[in-house]
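Geometric and topological summary
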Amino acid sequence: MKLLSLDPYMKLVFGDACYGIWMFEEKNEQLFRWKGTEDAEQLLERYTSSYGLPERPSPGHIEHYSASLNGRQVQSMIYAPGSLLEGQTLLLLVDCPKPPSLPEKERILAQLWLLLLEEVVDKQKQDHERWLEGLRALTSSLDLGELLLGIMQNALKVIPSADCGFFMMFDKKEGRLLPKASIGIKDDIYQFRIMHSEGITGKVFSSGQGRIYNSRTAMDAMEDIPLENMNSLVSAFGGSMVRARAVMAVPVTMNKDKIGVMLIHQLNEGKRPFSEQDLHQLQGFADQAAIAIANARLYSELRESNRYLVKRSEIHHIFTKLSARQENVETVAVKMGEMLGLPVVFADVLVGSLHPPQPEGHELASLDMYQTFATGISPVTVQGPSSGAGYYLYPVVNGDILLGTFLLPLYRPLEPIDHVVLEQGGMAVALQLMTKHSATEMYYKRSHEFFHELISFREPERVESKLKNFGLPRGVPLFVSVLHLLGEHEDLKQRDMHLRRLIACLEKELAGTQRLLFGSHDKVTIISAARHPRKREQIVSSMKTAVERWSRFTSKSVSGGIGGLYDGLQQVARSNGEATDALSFLLRRGKTGLTRYEEIGVNQLFLNQEPAKIENYIHGILSPLRSGQVQQGEELERTLKAYLAMNRSPSATAERLHIHINTLYHRLRKIEELLGVDMNDSDDWLKVCLACHLSETY
């Protein structure tokens, strides 16, 4: 005879009486309803308010009581099946005065046993299906982001009594556990970042042991979480952590590599509590997930490495095409900016220009590149004078010579592929600059050869036919300027770089003038056309401006001589000779700056004299004052030179020397006596004046 199911049989025995069957939680003295009528919860509330929760019997035993509730008899049975169902304990309450007979009781217990067994079998079957489905999901994706999300989705399927969860992965660089995937939780969870020992996540991660927490023990475990992080967590759960009835967390580990922690939460009442079996099942799932994560990581690394190589090849191809088309520096810089997503400017230190051109007052325009890279030519980060973002400077070099540098603001951290763009772009620019450098060298060489043809002027017609090719007009007066870089230049490449920067400054200031300009070793020669002397003065003024700007930038000095303005190509040699003499005059005196030949005055007569003859003349006149036998000889010589400098004014000389005028007259008489001259005699005066001048000049 077929057995009736539980509900019909309970109606057969007890009629329409209210009844309910509850299960005890394994660890907590709490009940959740399993079977019963709709009003069963009211019956349980009346019963527990009078008698409290009954004690559990030993496995395999049953306790039956008849209890009185407000004058009504209630039947209660506490049943612990034992055996395969050990750990399960049931409470049966029936609002009925008549207790069941022994056969009826046995029949009810048999029904409960069968129902429990069916549930166990169904649960194991469902768990097995969910397990297999979870494993299939773990192998369905190699994308780490998709995989982690899939892991959490299937974790909730493996443990159906869970409502939500999230995955925390350990970031070795930050030394923190970071959220990587979440289900059923607000996005605020992604602001929740903790150290490897903080909170539930940190404790499970550090210990390597999974745990189940109730609402109270969960809050205790999170006491060490900083307030800011705790606020993010609370916000992710809708503003109240009390909602979480239980938390289960398991470590995710591959061999000795600690990957992270998987956490699931139970928020809603009425669900079966987390059990130790759930913990073992979730840990097993986490162990399988660890294998999938390791595979996804490896795939991601290989994919990233392949992407990097492909991208590097693409970048190389782009800059190879730019080089083949001989695109200018500005085009290369703009292309780099497009590839990086950052504004890129190339600062050419040889010519002192920015590409693309920037508005006046660019905050790095005055940056001393030589000083910046003084300790080594390698990329550096500098702080912008006015902006909050720093600047990354990537130098472009030829050997150990700095050609220029890329300037880009650090609006974001640079990635490895960004450095490839800078490297390839730097090579393209260096190649272009060196090609330009070679062409410039060739032009300077041809200009130098033409200059020698011009000053020698052996073939006038040939020379005149070449004027236009070198930027010089016919029939316009010309003058020559010769500039010389001062100081020791141990590094020839460094000297060449300073020379090119000087030429760039001169080219900029002399733009619009007709000229031939070239550099050689440590000199710059300029032949300029000027239709009238005023134009010559304007050109000289522009040269001085260029030299001053160059000196400020390089902290170096220049001496330069400027020849006269003459009509006729045959006079170029004369102007060149004057420029060379004026330069020689400055170099002998150790003076810097530019001077015109006419400004050196009487010194023109002595520039080509042998130094020994000049020295003999000076000695022949002034030696009596320099004799060791004459007291105060140096003072007398200073007095004589001051007297000459003040145009032989006794009062002005005395004031300059801070002496009484009578003292001055006494010294002058002493000087005349020692030198054997008469200051009122024009010939004597001239030879003394000339000796003093030459002693100051040579």
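Scroll up a little and you will see the structure.
To start, this report covers the structure provided alongside it. (Residues numbered from 1 in each chain as written. Predicted model: local features only at pLDDT ≥ 70, side-chain atom pairs only at ≥ 80, totals over all residues. Heavy atoms only, no water.)

1. A few points about the nonpolar core
Test applied: Take the buried Ala, Val, Leu, Ile, Met, Phe, Trp, Tyr and Cys residues and link them wherever side-chain atoms come within 4.5 Å; each set so joined is a nonpolar core. When a residue's accessible area, from a 1.4 Å probe over protein chains only, is under 20% of the maximum for its type it is buried; when over 50% it is exposed; and in between it is partly exposed. By definition, any uninterrupted DSSP run of H or I lasting at least four residues is a helix, any uninterrupted run of E lasting at least two residues is a strand, and each is numbered from the N terminus. Pairs of residues are marked as contacts when any of their non-hydrogen atoms sit within 4.5 Å.
Counting residues in hydrophobic clusters, the biggest one holds 42 residues, and the most contacted among them are Phe 450, Leu 502, Leu 506, Val 524, Ile 527 and Met 543. For this core, the secondary-structure elements that each account for two or more residues are helix 11 (416-456), strand 17 (478-485), helix 13 (492-509), strand 18 (515-520), strand 19 (523-529), helix 14 (533-554), strand 20 (558-562) and helix 15 (572-589). Other than its neighbours up to four places away in sequence, Phe 450 contacts Val 463, Lys 466, Leu 467, Phe 470, Leu 472 and Leu 516. The next biggest cluster of nonpolar side chains, apart from the first, holds 37 residues, and it includes Leu 342, Phe 373, Leu 422 and Ala 430.

2. Some words on the packing of helix 4 (residues 144-158) against helix 8 (residues 276-324)
Quick reminder of the rule: Note on geometry: axes are lines fitted to C-alpha atoms, helical ones only across the stretch in contact, with angles between N-to-C directions running from 0 to 180 degrees. Each angle receives one of four descriptions, namely roughly parallel if under 35 degrees, roughly antiparallel if over 145, roughly perpendicular if within 65 to 115, and oblique otherwise. Residue polarity is assigned by list, with Asp, Glu, Lys and Arg as charged and Ala, Val, Leu, Ile, Met, Phe, Trp, Tyr, Cys and Pro as nonpolar; anything else, Gly included, falls into the polar class.
Their axes nearest at 10 Å, the elements helix 4 and helix 8 cross at an angle of 170°. One way to sum up the angle between helix 4 and helix 8 is to call them roughly antiparallel. Residue-level contacts link Leu 144, Leu 147, Leu 148, Ile 151, Asn 154, Ala 155 and Val 158 of helix 4 to Gln 281, Leu 282, Phe 285, Ala 289, Ala 292, Ile 293, Ala 296 and Arg 297 of helix 8. In terms of residue class, the contact of helix 4 with helix 8 is made up of 12 nonpolar, 2 polar and 1 charged.

3. Remarks on the pairing of strand 21 (residues 593-596)
What counts is decided by this rule: If DSSP finds at least two bridges between two strands, the strands pair. By convention, orient the strands away from the viewer: a clockwise path from the first strand over the helix to the second makes the crossover right-handed.
Note: strand 20 against strand 21, 4 bridges, orientation parallel. The residue bridging Gly 560 from the neighbouring strand is Leu 594, located in strand 21. Each parallel crossover has a hand, and the one from strand 20 via helix 15 to strand 21 is left-handed.

4. Examining the packing of aromatic side chains
Here is the rule: Two rings from Phe, Tyr or Trp (for Trp, the six-membered ring) form a pair when their centres are within 6.5 Å of each other. A pair whose planes differ by under 30 degrees is stacked, one over 60 is edge-to-face, and the rest are tilted. Two conditions define a charge located above a ring, namely a distance within 6 Å from the ring centre to NZ of Lys or CZ of Arg, and an angle within 35 degrees of the ring normal.
Using the criterion set out here, one finds 9 aromatic pairs in the structure. Their ring planes at 40° and their centres at 5.4 Å tell us that Tyr 47 and Tyr 51 sit as a pair that is tilted. One end of the pair is Tyr 47 and the other is Tyr 51, both in helix 2 (residues 40-51) and 4 residues apart, which spans about a single turn. Overall, Tyr 47 belongs to the buried group, its relative accessible area being 6%. By the ring-pair criterion, three or more aromatic residues cluster together here, those being Tyr 443, Tyr 444, Phe 450 and Phe 470. Here Lys 258 stacks its cationic end above the ring of Phe 205, 5.4 Å away from the centre of that ring. Directly above the ring of Phe 479 sits Arg 536, whose terminal nitrogen or CZ lies 5.5 Å from the centroid.

5. Some points on unusual backbone geometry
With an omega dihedral of -10°, the bond running from His 355 to Pro 356 counts as a cis peptide bond. Checked against the element boundaries, Pro 356 lands in the loop between strand 13 (353-355) and helix 10 (369-372). Phi angles above zero are rare outside glycine, and Gln 326 is one such case at about 55°. Relative to the helices and strands, Gln 326 resides in the loop between helix 8 and helix 9 (329-340). A residue is classified by how much of its surface remains accessible, and Gln 326, at 66% relative accessible area, is exposed. The phi dihedral of Arg 648 falls on the positive side, at around 60°, and the residue is not glycine. Its place among the elements puts Arg 648 in the loop between helix 17 (633-645) and helix 18 (650-657).

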